[in-house]
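Structural characterization, general
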Amino acid sequence: MGSRSSHAAVIPDVDSIRRETGFSQASLLRLHHRFRALDRNKKGYLSRMDLQQIGALAVNPLGDRIIESFFPNGSQRVDFPGFVRVLAHFRPVEDEDTDQDPKKPEPLNSRRNKLHYAFQLYDLDRDGKISRHEMLQVLRLMVGVQVTEEQLENIADRTVQEADEDGDGAVSFLEFTKSLEKMDVEQKMSIRILK
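Residues numbered from 1 in each chain as written. Predicted model: local features only at pLDDT ≥ 70, side-chain atom pairs only at ≥ 80, totals over all residues. Heavy atoms only, no water.

Focus on the packing of helix H2 (residues 14–21) against helix H7 (residues 80–88)
- The geometry of H2 relative to H7 is characterised by a closest axis approach of 10 Å and an angle of 20 degrees between their N-to-C directions. Considered as vectors, H2 and H7 are oriented roughly parallel to each other. Considering only the axes of H2 and H7, their crossing is right-handed. Along its contact with H2, which presents Ile17, Glu20 and Thr21, the element H7 presents Phe80, Pro81, Val84, Arg85 and Ala88.
- Here the residues of the contact of H2 with H7 sort into 5 nonpolar, 1 polar and 2 charged. (Axes fitted to C-alpha atoms, helices over the stretch in contact; angles between N-to-C directions. Helix = DSSP H or I, 4+ residues; strand = E, 2+ residues; numbered from the N terminus. Parallel < 35°, antiparallel > 145°, perpendicular 65-115°, else oblique. Left-handed = near helix turned anticlockwise from the far one by under 90°. Contact = heavy atoms within 4.5 Å. Nonpolar A, V, L, I, M, F, W, Y, C, P; charged D, E, K, R; others polar.)

Considerations on the UniProt feature "domain: EF-hand" (unreviewed entry) in the chain
- Under the UniProt annotation, the feature "domain: EF-hand" (unreviewed entry) is placed at residues 26–61, 110–145 and 151–186.
- With 61% helix and 0% strand, the stretch residues 26–61 has end C-alpha atoms that lie 31 Å from each other.
- Between the end C-alpha atoms of residues 110–145 there is a gap of 34 Å, over a span that is 67% helix and 8% strand. (UniProt positions renumbered as here; feature names shortened; annotations may be inferred.)

A few points about unusual backbone geometry
- With a phi close to 55 degrees, asparagine 73 is a non-glycine residue in the positive phi region.
- When you line up the elements, asparagine 73 lands in the loop between helix H6 (63–68) and H7.
- Classification of asparagine 73 as exposed rests on a relative accessible area of 84%.
- Of note in the backbone geometry, arginine 126 takes a positive phi value of approximately 60 degrees without being a glycine.
- As for its placement among the helices and strands, arginine 126 is situated in the loop between helix H9 (111–122) and strand E1 (129–131). (Buried < 20%, exposed > 50% of the residue type's maximum accessible area, 1.4 Å probe, protein only.)

So, the nonpolar core
- Counting 48 residues, the largest nonpolar core has Leu28, Leu51, Phe70, Phe80, Phe83, Val84 and Phe176 as the members making the most contacts within it.
- Elements with a minimum of two residues in this core: H2, helix H3 (25–38), H6, H7, H9, helix H10 (132–143), helix H11 (149–163) and helix H12 (173–179).
- Filtering out sequence-adjacent residues up to four positions away, phenylalanine 80 remains in contact with Ile11, Ile17, Leu28, Leu31, His32 and Phe35. (Core = buried A, V, L, I, M, F, W, Y, C linked by side-chain atoms within 4.5 Å.)

Digging into the environment of alanine 163
- One can find alanine 163 in helix H11.
- In this structure the C-alpha to C-alpha distance between alanine 163 and leucine 180, which are 17 residues apart in sequence, comes to 9.2 Å.
- With near-sequence residues (within four places) excluded, alanine 163 lies in contact with Val171, Glu175 and Ser179.

Encoded structure:
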């Protein structure tokens, strides 16, 4: 009786985190438990090394890029609210997420925010554009040695050319968004456990 709310009390600002991320209280409790398990030294924050313990990230070709997204602006640690803010991008879109009050900020798991998160994985130098070179680097990570360098260069060239509407040789966020118009990003960038 009351055990859920008493456990929620160990999460500072649980109500504001819930409003910002859209996670239920039960999901936040599970994520807090996972956060504490990753924080083996009980520091109250996670480092890159702590996140590298996650097996799914270790085998993901973009794992290092995903881990880097937890540490904006060169920070060296992520606290629990920062941890769940990043994970909220992967929260499945629910019906109530689409009935958004226009005065409230867009949910972190909205199509636009999911695309922005994905865009940042490609925009390695954070200049707001994905260059051919950046596309090539990400493709190398994703396909490894299964494709020749020449094939990778052709794929990168073709991908940038198809998305680059203004002819500047790079893909802006708007161009990236347009190129993925028909893709079901809401589902492809969702992890069911993060309800």
